[in-house]
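# Overview (structure and organization)
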Amino acid sequence: MAIKVHGSFFSPATMRVLACLHEKGLDYEFVPINMGTGEHKKEPFILLNGTPLVYHDPKEMAVLFVGMQVESQHYDPPAGKLAWELAIKPFLGMPTDEAVVEEQEVQLAKVLDVYEYRLAQSKYVSGDSFTLADLHHLPTLHYLMGTRAKAVIDARPHVSAWCADILARPAWQKVIAMQHS
C-alpha cells in the first residue's frame, strides 16, 4: 500500500508532509490539488480528511487541549500501568504485581470519577465531537476492557458508554484487525 499525498507543492502543510516523507526515505504518490480553483475546499478532497479530530473554534480547541493534557497527565499514568500489569505482562508470561494493580486501580477510579462528571455533560471528553483527546485513550482502554480493570470503567455509566462508543469506531476496529492478521 503506497502513501498518497493530496496537496499543492506550494502549500506549507503539504511541504511539511513531503519533508517528513523524504526525511524518512518513504515512497509516496503525489496527487496534485489545484488550490487556485478552490479544489481543496470541495468534494471529493474534503471527504479525504474524514473526522476532523480537532476544532476550528479557539474556545473549543482550548477545551480539546485540556482534554489531551488530562489524558496524558492524569489518565494515562494509571491506565498505562494497569495495561502493562494486567494485559501485557500476562501475555509475555510475566507475573502481575498485585500491589501495583491495586494502587493504580484506585488512581484510575479517581480520574474516571472526573470523566464521569464530564461525560454526563458531553458525548466525548472534549465536547460533542470525537477528537484526538478521545482517540488517545483507545490503546489503553482496549487493553483494560479485557481485564479486571473493566469493572472500574463499567462502574461509571457515562464512562462505560463513551468507552463502548469509541472502541466501536470503524477506524479503531481496523487497527485491532491488524493485530489479528
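If you're wondering where the values come from, they're calculated on a predicted model, not measured in any experiment.

## Side note on helix α2 (residues 58-91)
Taking 1.5 Å of rise per residue, 34 residues should cover 50 Å, yet α2 covers just 43 Å from first to last C-alpha, more than 12% shy of that figure. Within α2, the axis deviates most sharply at D76, by approximately 55°, and proline P77 lies no more than four positions further along. Where α2 begins, one side-chain oxygen reaches toward the backbone nitrogen of K59, 3.1 Å away; that side chain belongs to D57. One or two steps after α2, the chain reaches G93, where phi turns positive at roughly 80°.

## Thoughts on the pairing of strand β1 (residues 3-7)
Looking at chain direction, β1 and strand β2 (residues 28-32) are connected through 5 bridges and run parallel. Along β2, the bridge assignment pairs K4 with E29.

## Some remarks on the pattern of salt bridges
Evaluation of the coordinates by the stated rule reveals 6 salt bridges. The partner of E85 in a salt bridge is K89, and the shortest N-O contact between them spans 3.1 Å. Of this pair, E85 and K89 both sit in helix α2, 4 residues apart, which is roughly one turn of the helix. Accessibility assignment for this pair places E85 and K89 in one class, buried. In this structure, a network of salt bridges that share partners links the residues E98, E105 and R148.

## Observations concerning the layout of surface pockets
Considered as a void within the structure, the largest pocket measures approximately 300 Å³ in volume. Lining the largest pocket are 15 residues, and of these H6, G7, T14, F45 and N49 lie nearest its centre. Elements with a contribution of two residues or more to the lining of the largest pocket: β1 and α1 (12-23). Considering every element that reaches the lining of the largest pocket, the biggest residue donor is β1, with 4 residues. Split into classes, the residues belonging to the lining of the largest pocket amount to 7 nonpolar, 7 polar and 1 charged.

## Remarks on helix α7 (residues 157-167)
All of the buried residues in α7 are V159, W162, C163, I166 and L167. One side of α7 holds all its buried residues, which, seen down the axis, span an arc of 120°. Elements that come into contact with the buried residues of α7 comprise α3 (98-119), α4 (132-135), α5 (138-144), α6 (150-154) and α8 (170-179).

## Observations regarding the packing of aromatic side chains
What the rule picks out here adds up to 4 aromatic pairs. Between Y124 and F130 the ring centres are 5.9 Å apart and the planes differ by 80°, which places this aromatic pair in the edge-to-face class. Residue Y124 shares its accessibility class with F130, and that shared class is buried. One aromatic cluster is present, formed by Y75, Y115 and W162 through successive ring pairs.

The rules behind these values
- Counting restarts for each chain, with residues numbered from 1 along the sequence as it is written.
- Only residues with pLDDT of 70 or above have their local features reported here, since the model is predicted, and side-chain atom pairs are shown and tallied only from 80 upward, although totals for entire chains, interfaces and linings are computed over all residues.
- Water and hydrogen atoms play no part in the side-chain values, which are based on all heavy atoms of the structure.
- Counting from the N terminus, the helices are DSSP H or I runs at least four residues long and the strands are E runs at least two residues long.
- A helix's residues, less one, multiplied by 1.5 Å, set its expected span.
- One axis fitted to the seven residues ending at a residue, another fitted to the seven starting there: the angle between these axes is the bend at that residue.
- Counting of polar contacts relies on pairs of N or O atoms within 3.5 Å, with two restrictions inside protein: one atom must be capable of donating a hydrogen and the other of accepting it, and residues adjacent in sequence are counted only when both atoms are side-chain atoms.
- Here, any two strands with at least 2 DSSP bridges between them count as paired.
- Salt-bridge detection follows one rule: a side-chain nitrogen of Lys or Arg within 4 Å of a carboxyl oxygen of Asp or Glu.
- Only protein chains enter the accessibility calculation, which uses a 1.4 Å probe; a residue whose area is less than 20% of its type maximum is buried, one above 50% is exposed, and one in between is partly exposed.
- The rule is simple: put a 1 Å grid over the protein atoms alone, call a set of points where a 1.4 Å probe fits but cannot get out a cavity, call an open set with protein on both sides within 12 Å along at least five of seven lines a pocket, and count a residue as lining if it has an atom within 4 Å of a point.
- Grid points are joined across faces, edges and corners, and a volume is the space filled by probe spheres set on the points.
- Residue polarity is assigned by list, with Asp, Glu, Lys and Arg as charged and Ala, Val, Leu, Ile, Met, Phe, Trp, Tyr, Cys and Pro as nonpolar; anything else, Gly included, falls into the polar class.
- As used here, the arc is the angular range of directions from the helix axis to the C-beta atoms.
- Contacts are assigned to residue pairs with any non-hydrogen atoms lying within 4.5 Å of each other.
- Ring geometry is summarised as follows: Phe, Tyr and Trp rings, the Trp one being its six-membered ring, pair when their centres sit within 6.5 Å, and such pairs are stacked at plane angles under 30 degrees, edge-to-face over 60 and tilted between the two.

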